[in-house]
Amino acid sequence: MAFDYKKEYKEFYLPKRKPELITVPPMNFIAVGGKGNPNEEGGAYKESIGLLYGIAFTIKMSKKGDHRIDGYFDYVVPPLEGLWWQEGTEGIDYSRKEDFEWISMIRLPEFVTRDEFDWAIAEAEAKKKTDFSKVEFFTYDEGLCVQCMHLGAYDDEPATIEAMDTFARAQGYQPDMGGQRFHHEIYLSDVRRCKPENLRTVIRHPVKVINL
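These numbers come from a predicted model, not from an experiment. (Residues numbered from 1 in each chain as written. Predicted model: local features only at pLDDT ≥ 70, side-chain atom pairs only at ≥ 80, totals over all residues. Heavy atoms only, no water.)

Caption draft 1: Region of the structure containing the overall build of the chain. A count of helices and strands for the chain gives five helices and nine strands. Each helix and strand of the chain, placed in order from N terminus to C terminus, yields the pattern α-α-β-β-α-β-β-α-β-β-α-β-β-β. In terms of overall dimensions, the chain is globule-like: its C-alpha atoms have a radius of gyration of 18 Å, near the 17 Å expected for 212 residues. Projecting the C-alpha coordinates of the chain onto the three principal axes gives extents of approximately 55 × 35 × 35 Å. Split into buried and exposed, the 212 residues of the chain put 47% on the buried side. When the accessible surface of the chain is totalled, it reaches about 11,300 Å², and 51% of it is carbon and sulfur. For the chain, the distance from the average position of its 28 positive side-chain charges to the average position of its 36 negative side-chain charges is 6 Å. (Helix = DSSP H or I, 4+ residues; strand = E, 2+ residues; numbered from the N terminus. Rg over C-alpha atoms; globule rule 2.2 N^0.38 Å. Buried < 20%, exposed > 50% of the residue type's maximum accessible area, 1.4 Å probe, protein only. Areas by Shrake-Rupley, 256 points an atom, 1.4 Å probe, with all protein chains shown as cover. Lys, Arg positive; Asp, Glu negative; His and termini not counted. Charge placed at Lys NZ, Arg CZ, Asp CG, Glu CD.)

Take a look at the structure:
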């Protein structure tokens, strides 16, 4: 049976609908960065999704080709994730989607080294006749965070975020956005096939001890 990160690491992918604190270890990702409204048809964000899955499935399906990756095990491709921010804005302003900056990403299995990542890029470009130069090998060390499962439309996330902030402060922590720490979403539903009110999204925010 294929290894499923969502099932094996429920603490990272299947939190409760109540805020909780969690320490997230460093993880490696396939990543594409960009700017702009994620809902724009034919825009940079939607292009990035195609690039990510092109590399993700090149690695997953390497088992059927001649290239052998040391330590390979069969697995379910982990869910799409996104880091989001807006220059000069504390938190996220959902009314200004055109000002979004983002990093779209998919977790890499532990056996994927930078050399194997480079192989996957070259292999995908040769087979798909597509430029994958925007795709990067990205290590994210998230550390201490507050997270919660959000059920519903993306534009309704502020209520969940407010509950997360309230919980964190009650525990002695405050938001710690900026630098390399971002608003983080993990998408557990296919937006093309799911009603907005049924979307499941993990929301994760970095925190630090409250400065007194």
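Back to the text.
Caption draft 2: Structural detail: the packing of aromatic side chains. This structure, assessed with the given rule, holds 19 aromatic pairs. Centre to centre, the rings of Y75 and F111 are 5.9 Å apart; their planes meet at 65°, and the pair counts as edge-to-face. Pair noted here: Y75 is in the loop between helix 3 (44–60) and strand 3 (80–85) and F111 is in the loop between strand 4 (101–107) and helix 4 (114–128), with a separation of 36 residues, a long-range link. Assigned by exposure class, Y75 and F111 land together as buried. Put simply, the rings of F3, Y5, Y9, F12, Y72, F73, Y75 and F111 touch in pairs and so form one group of aromatic residues. Lying over the aromatic face of Y75, K60 brings its terminal NZ or CZ to 5.5 Å of the ring centre. Note that R107 overlies the ring of Y9, its terminal NZ or CZ placed 5.2 Å from the centroid. (Phe/Tyr/Trp six-rings, centres within 6.5 Å; stacked < 30°, edge-to-face > 60°. Lys NZ or Arg CZ within 6 Å of the ring centre and 35° of its normal.)

Caption draft 3: Representation of the side chain of E157 within the structure. Checked against the element boundaries, E157 lands in helix 5 (residues 157–170). In this structure E157 is buried but unpaired, with K97 as the nearest side chain of opposite charge at 9.5 Å. There is a polar contact of 2.5 Å between the side chain of E157 and the side chain of Y94. (Salt bridge = Lys/Arg side-chain N within 4 Å of Asp/Glu carboxyl O. Polar contact = N/O pair within 3.5 Å; in protein donor to acceptor, adjacent residues only side chain to side chain.)

Caption draft 4: Representation of helix 3. When the terminal C-alpha atoms of helix 3 are compared, their 25 Å separation across 17 residues agrees well with the 24 Å that a helix rising 1.5 Å per residue should span. Of the surrounding elements, those touching the buried residues of helix 3 are strand 2 (27–35), strand 3, strand 4, helix 4 and strand 8 (183–187). (Expected span 1.5 Å × (residues − 1). Contact = heavy atoms within 4.5 Å.)

Caption draft 5: Spotlight on unusual backbone geometry. A positive phi is found at K129, a non-glycine position, where the angle reads about 55°. Positionally, K129 belongs in the loop between helix 4 and strand 5 (136–140). Note on K129: relative accessible area 72%, which makes it exposed.

Caption draft 6: Spotlight on the nonpolar core. One finds I30, I55, I59 and V135 to be the most contacted residues of the largest nonpolar core, which totals 38 residues. Every element with two or more residues in this core is listed here: strand 2, helix 3, strand 3, strand 4, helix 4, strand 6 (143–151), helix 5 and strand 9 (200–209). With sequence-adjacent residues up to four places away left out, V135 is seen in contact with I30, A31, V32, L51, I55, F117 and I121. (Core = buried A, V, L, I, M, F, W, Y, C linked by side-chain atoms within 4.5 Å.)

Caption draft 7: Quick peek at the pairing of strand 2. Two strands pair when backbone bridges link them, and strand 2 and strand 5 are joined in this way by five bridges, in the antiparallel orientation. When the bridges of strand 5 are listed, F29 appears paired with F138. Two elements, strand 2 and strand 4, share seven bridges in a ladder whose sense is antiparallel. Within the sheet, the bridge partner assigned to G34 lies in strand 4 and is W102. (Pairing = 2+ DSSP bridges.)

The analysis is restricted to geometry; functional conclusions fall outside its scope.
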